[in-house]
Amino acid sequence: MGIKALDIVKWYHGHEFFFHWIHREIKIVQMTMMMLPIFFLLFISLPSHLLSLSIYEDQDYGRLVPDVIKSRGFELETHQVITDDSYILTVFRIVNPLAPKTPKSLKPVVLSHGLVGSGNDFLVTTPGGDLNETIYKNRKDLDNVDFDKDGNNLGFILANLGYDVWLLQSRGTYYSLGHQIYDADKDAEYWQFTFDDMALSDAPAVIGHILNVTQREDVAWIGHSQGTSTMFALLADRPEYSKKVKPFIALGPAVRMDNSRASIVGFPFVQDLLITAGHRCFGPSFLTRKFAKFCENPIFNKICAQLSGVLLGFDKKMINETRLPIYVWNDPSGTSCWNLAHFGQIIHNKQFKKMDYGWRKNLERYGSVHPPKYDLAKIDSPDIALFYGPADTTVGAGDVDKLIDELQVDLLLDYEIPAPNWNHLDHIFSSQTGLYQNNVIALLLDQYRDGQIKSMN
């Protein structure tokens, strides 16, 4: 029997959403692939005298995390933490010279950056953040702290408020390339990791180290994007860590990303290419430094802001565009290609699962042909707060709702940022983080400073 034209029309309308989605994804990829070569050729071929034009002289440009910390009047400690799989992680501790240095005196707070980010993401959002005696004196009277003026750099405002701030640098970033066996520059084996390993090896090692140093019973964990993925994975796989992480504050929780517009890594063929590449992706390079100079140039700063906002995910109206060279100089800080592929799998499969290596390697690693799902229902922590934006293009509309549905615990706080254009990177780059986000974080942490735990819902 032949297929009637009417049947074809009915079938098309029944699958119309699918065709619209495919069309949209292809258009996004086409536009990206068309723009990037043009943009690349533009800034790579710029004469050096044009790139030398500076829009400003900013003290944070070109500074590494230790230099930024010391420039604000804080003291610095650098800790090396060895994981159970022999990776050597760097953790920077911001020491407030005004605060007591006796063990157990300060609540430790871990700041865990996003994919290809670094600790600087919590330090250079805006200028300022200097050591401030007035803020420290008002640390228990937050109504007298001007977060809009002094609270945009999360690491520094928390240190000024008397918290013991630790900046975790994830494996594979510029600051954490050490290994007891492998050389990150030579050995592909070094790069065979994903956030699974960050969750089940890095986070426990860092938490254990901090608890040992501070003699405290628990830490606060504030993660952005990947920094939330690692903690949700850890709490699902090892629920006992709920007793050691109080509270867990998730900024842009990258768990369910069913509606993400991070389209390219969501394609299976791209994931296959990344897995096959199996080395470093998006580390600091000549090109990123050249791009930073491009963004600094007054002629091209607006173009840089527009393109960066579209590709990276922030609202260009909410950031100080003159800070873009600083952001681009710091990020990307590097990760493994496998890690990118893993996030792509989560987007494509619409499930929060461990890395899929193919059925043969899955059998070796997991004892099954398919990777296991992180069972979020096993998380028993009552100390989880979610912060997310209404315009997030990475964690799309409805994705946070799906996460909440999978959790079987009451949240400490379910907080949608009250700014309609708030996007994924605005959690770290918006010039209004103090007003919309960090003041609420401070209020949350204040409930845990002296062991008091109260719901803010």
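Every chain is numbered on its own, with residues counted from 1 as its sequence reads. With the structure being a predicted model, the display of local features is reserved for residues of pLDDT at least 70 and the display and counting of side-chain atom pairs for 80 or more, all residues being used for whole-chain, interface and lining totals. Only hydrogens and water are set aside when side-chain values are computed; all heavy atoms of the structure are taken into account.

S.K.: Before we move on, could you go through the overall build of the protein chain and cite the residues and values that matter?
M.R.: Counting from the N terminus, the helices are the DSSP runs of H or I reaching at least four residues and the strands are the DSSP runs of E reaching at least two. Each helix and strand counted, the protein chain has 18 helices and 11 strands in total. For each residue, the accessible area found with a 1.4 Å probe, counting protein chains only, is set against the maximum for its type, and the residue is called buried under 20%, exposed over 50%, and partly exposed in between. Relative to its 457 residues, the protein chain shows a buried fraction of 54%. The protein chains shown are the only cover counted for residues, whose accessible areas, like all others here, come from Shrake-Rupley with a 1.4 Å probe. Surface exposure of the protein chain reaches about 20100 Å², of which carbon and sulfur atoms provide 56%.

S.K.: Could you give an account of the nonpolar core, naming the residues involved and the relevant values?
M.R.: Definition used in this section: a nonpolar core is a set of buried Ala, Val, Leu, Ile, Met, Phe, Trp, Tyr and Cys residues joined via side-chain atoms within 4.5 Å. In this structure, Ile207, Trp221, Phe232, Phe248, Phe352, Leu376 and Leu386 are the most contacted members of the largest nonpolar core, which totals 52 residues. Residue contacts are defined here by distance: any two heavy atoms, one from each residue, within 4.5 Å place the two residues in contact. Residue contacts for Leu376: discarding those within four places in its chain leaves Phe232, Ala236, Val255, Phe352, Leu403, Glu406 and Leu407. Listed in part, the 51 residues of the second largest apolar core include Val65, Ile69, Ile249 and Tyr415.

S.K.: Give a description of a negative patch on the surface that names residues and reports values.
M.R.: Together, Asp401, Asp405, Asp414 and Glu416 give the surface a local cluster of negative charge. Looking at the negative patch, the elements that each hand over two or more residues are α16 (399–406) and β11 (413–416). Tracing the backbone through its elements, the reader meets Asp414 in strand β11. Exposure remark for Asp414: the relative accessible area of 36% places this residue in the partly exposed category. In this analysis, a patch consists of residues with relative accessible area above 30% that form no salt bridge, clustered at 9 Å for like charges and at 5 Å for the nonpolar side chains Val, Leu, Ile, Met, Phe, Trp and Tyr. Here, a salt bridge means any Lys or Arg side-chain nitrogen found within 4 Å of an Asp or Glu carboxyl oxygen. Neither His nor the chain termini are counted; the positive set is Lys and Arg, and the negative set is Asp and Glu. Lys charges are placed at NZ, Arg charges at CZ, Asp charges at CG and Glu charges at CD.

S.K.: How would you explain the state of the cysteines if you had to name every residue and give the values?
M.R.: The rule for a disulfide is simple: a pair of cysteine sulfur atoms within 2.5 Å. A complete count under the given rule lists one disulfide for this structure. One disulfide bridge connects Cys281 with Cys337, the sulfur atoms lying 2.0 Å from each other. Between Cys281 and Cys337 the sulfur-sulfur dihedral comes to about 90 degrees; the bridge is accordingly right-handed. With Cys281 in strand β8 (residues 280–281) and Cys337 in helix α14 (residues 337–349), this residue pair connects regions lying 56 residues apart in the sequence. In this structure, Cys281 and Cys337 share a single accessibility class: buried.

S.K.: Can you lay out the pairing of strand β6 (residues 219–224) for me, pointing to particular residues and giving the numbers?
M.R.: Of all six residues in β6, six are buried, a share of seventy percent or more. Residues Val219, Trp221 and Gly223 of β6 are buried on one face, and the alternating residues Ala220, Ile222 and His224, pointing to the opposite face, are buried as well. As judged from the five bridges shared by β6 and strand β7 (residues 245–251), these two strands associate in the parallel manner. Paired with Gly223 across the bridge in β7 is Ala250. Here the term right-handed applies to a crossover when the path leading from its first strand over the helix to its second strand runs clockwise, the strands being oriented away from the viewer. With helix α9 (residues 226–237) bridging β6 and its parallel neighbour β7, the resulting β-α-β unit is right-handed. In this description, strands pair whenever DSSP reports at least two bridges between them.

S.K.: Please give an account of the environment of Gly344 that cites residues and values.
M.R.: Along the chain, Gly344 falls in helix α14. What makes Gly344 buried here is its relative accessible area of 0%. Setting aside its immediate chain neighbours within four residues, Gly344 contacts Val265, Gly266 and Gln271.

S.K.: Please give an account of the environment of Gly62 that cites residues and values.
M.R.: Here Gly62 is to be found in the loop between α3 (48–51) and α4 (65–71). Since its relative accessible area comes to 32%, Gly62 is described here as partly exposed. Considering only alpha carbons, one finds Gly62 and Pro325, 263 residues apart in sequence, at a separation of 9.0 Å.

S.K.: How would you sum up the pairing of β7? Please name residues and give values.
M.R.: Counting buried positions along β7 yields six of seven residues, so the element is predominantly enclosed. Pairing analysis gives four bridges linking β7 to strand β10 (residues 384–388), with the strands arranged parallel. Each bridged residue has a counterpart across the sheet, and for Phe248 the counterpart in β10 is Ile384.

S.K.: Give me the lowdown on the packing of aromatic side chains, citing residues and values where you can.
M.R.: When two rings of Phe, Tyr or Trp (its six-membered ring) have centres within 6.5 Å they constitute a pair, described as stacked for plane angles under 30 degrees, edge-to-face for angles over 60, and tilted for the intermediate range. What the rule picks out here adds up to 17 aromatic pairs. Relative to Trp191, the ring of Tyr190 has its centre 4.8 Å away and its plane inclined at 75 degrees; by these criteria the two rings are edge-to-face. Consider the rings of Phe267 and Phe269, whose centres lie 5.9 Å apart with planes at 40 degrees: the pair is tilted. Among the residues examined, Phe267 registers a relative accessible area of 22% and is labelled partly exposed. Every member of this aromatic cluster is reached through a ring pair, and the members are Tyr87, Tyr190, Trp191 and Phe193. Geometrically, a lysine NZ or arginine CZ counts as sitting over a ring once it is within 6 Å of the ring centre and also within 35 degrees of the ring normal. Cation over ring: Arg171 sits above Tyr87, and NZ or CZ is 3.8 Å from the ring centre.

S.K.: Got a sec to walk through α14? Specific residues and values, please.
M.R.: The span you would expect from a helix comes to 1.5 Å times its residue count less one. In this model, α14 (13 residues) spans 18 Å end to end at C-alpha, consistent with the 18 Å of a helix rising 1.5 Å per residue. The buried fraction of α14 is high, at 11 of 13 residues. Those residues of α14 that fall on the buried side of the exposure criterion are Cys337, Trp338, Asn339, Leu340, Ala341, His342, Phe343, Gly344, Gln345, Ile346 and Ile347. The elements touched by buried residues of α14 are α8 (195–214), α9, α10 (268–277), β8, β9 (335–336) and α15 (359–366).

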